Amino acid sequence: MFSDEQKKANGEYLRVLITKPDENGEEIPLTHFYKRYLNDLGIKINDDELKRIKNRFSAILNGRNNINPANDDLVIISRLLGVSIEEILSAGKKRYDTPESYVKNYDIAASSDKSTWEKFITSDNDSLVCRDEYGKTILDYAVDFRNYSLIRYMIDKRIIWFASSQEDSEKIINIMDFGGGTNVGKSEYNDLSREITHDDSLRKAIITLAIENEDYEILSSLRARETLRELASVNYGADYSKSNYSDRNIADEIDAFIVGAISNTKCEEIIDYFSEEFEIIAKCRRNPAETKFIYSHIDQVIEMLVCNSREKDAEKVLRKAIEHNKRAFEKVNERIEKSIEDEFEAEKIHLDEVIEEMRKNGCSEEQIEICKAKRLDKTRMKQVVLDYEIKFDSALRTVSFNHRMPGGLVVNIVKAKTEEIKNSSENIRQLINELNTWYRKTIELGGEKYDEVLLQL
């Protein structure tokens, strides 16, 4: 917070910078700056917008309001006036005499000059890997300033990387960790590297920016469709709550910004990418199961597309989701039937020994037939399979079948909220009904123990 004196000093100094005489010695009017500001934001210039921005800056220039260091205004002002943020906040008391003087993370992150990035980011400047006085790294600021060009530059140059090793040779994800790192700086205390490795919010923020910039090519390397909920399912089946990671808020992990970006994009490749099935190969303690996933928030994407009157795109996504649910049903059903048949064949082999032993002990043929019927009862075998081999998590909407065993399976299934699309076309309503039907049928494979789940649908 600034004192009243500091707010006044900052406002007066900012007015001096804005109205600084041009090369002809004429004072630049404030309106000229306001128009440049609106243009920078991509806002159409008209009387109403000029009035709004004039009132906003009037409070700052007259010392009534603070200049918020975290506000985008500060970054834009710095860029338009060609002075550092620190100079603005200190009313001119702190300046950079040369480019080699102390440069802050936000100066680099706010810059669009590639030569500035190359000079400081690729240097041995350890300050770039540490958080500044506001607790932010250069990557935090780049995300805040929406400087996607800088972020893409850092990724392309392998200065930073996400969801992979430095050499990009290891495609298998560690348990509950997307991973990442940086080549910047040599300090052992590397905030930037730790942040990338352990804070998945940065990866998701960059995914959002990539979508907004229609950068389809980068999404795969960011593993943009995957979340911690999928990693939990692959590594712990539909029973992750018993793991050491149960304190992580996986079930409520909602990628609202990513969903919004997907729903608003006009890039067909991006919509296709997020609506396609994919596999996850994760490091498990035993043989990894077969996995089939679709983006876990695709239901929200469908709902937003419908609400945004983009029914053509919604239909395209819905049909892919329906095919995913149908395949999920078929694969789970196939595993159940195979497991029952394997159990049946194993019982037949073992039964010969049991019958021989019973005859030795003087059992009657009637007793033997009763035992045989009981041991070869497929209904009983199916119940054993359902009780011990299949699991369903209603929060994660994930079905796992012997997920740590050879031939195991982990899939997610999609359900759309019908109340969100009640005003859509008959075609969309029919497709959503079909989607939810396959969802229900997959749950029903679990038998009576999932009745409570079905009642909630």
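Throughout this description, residue numbers start from 1 for each chain and increase along the sequence as written. Only residues with pLDDT of at least 70 are given local features in this predicted model, and only at 80 or more are side-chain atom pairs given and counted; all residues enter the totals for whole chains, interfaces and linings. Excluded from the side-chain calculations are hydrogens and water; all other atoms, namely the structure's heavy atoms, are used.

Comments concerning the overall build of the chain
Reasoning step 1: Secondary structure follows DSSP: runs of H or I at least 4 residues long count as helices, runs of E at least 2 residues long count as strands, and numbering of each begins at the N terminus. Each helix and strand counted, the chain has 20 helices and six strands in total.
Reasoning step 2: Residue burial is assigned from relative accessible area. The probe radius is 1.4 Å, only protein chains are included, and a residue is buried under 20% of its type maximum, exposed over 50%, and partly exposed in between. Looking at the 457 residues of the chain, the share that counts as buried comes to 49%.
Reasoning step 3: Accessible surface area values rest on a Shrake-Rupley calculation with a 1.4 Å probe, where residue burial reflects the displayed protein chains alone. About 23900 Å² of surface is accessible on the chain, with carbon and sulfur atoms providing 46% of the total.

Quick notes on the pattern of salt bridges
Reasoning step 1: Put simply, a salt bridge is a Lys or Arg side-chain nitrogen that is within 4 Å of an Asp or Glu carboxyl oxygen. Applying the stated criterion to the full structure yields 23 salt bridges.
Reasoning step 2: Of the charged contacts, one joins E49 and R52 as a salt bridge, the two residues approaching to 2.7 Å between their closest N and O atoms. Of this pair, E49 and R52 are both found in helix α3 (residues 47-61), three residues apart, which corresponds to roughly one turn of the helix.
Reasoning step 3: On the basis of relative accessibility, which here comes to 35%, the residue R52 falls in the partly exposed class.
Reasoning step 4: Two residues, E212 and R146, come together in a salt bridge whose shortest N-O distance is 2.2 Å. Remark: R146 occurs in the loop between α8 (138-144) and α9 (148-156) and E212 occurs in helix α11 (residues 200-212); sequence separation between them is 66 residues.

Regarding the nonpolar core
It is characteristic of soluble globular proteins that their nonpolar side chains tend to be buried jointly.
Reasoning step 1: Take the buried Ala, Val, Leu, Ile, Met, Phe, Trp, Tyr and Cys residues and link them wherever side-chain atoms come within 4.5 Å; each set so joined is a nonpolar core. In this structure, L139, F162, I211, L219, F274 and I336 are the most contacted members of the largest nonpolar core, which totals 114 residues.
Reasoning step 2: At 15 residues, the largest contribution of residues to this core is made by helix α16 (residues 311-360).
Reasoning step 3: Those residues in contact with F274 that sit more than four places away from it in its chain are I207, I211, L219, A224, R225, I258, I262, I294, Y295 and I298.
Reasoning step 4: Core analysis: the next-biggest nonpolar cluster, separate from the first, contains 10 residues, L228, I280, A289 and V410 among them. Residue contacts follow a heavy-atom distance rule, with two residues in contact if any of their heavy atoms lie within 4.5 Å.

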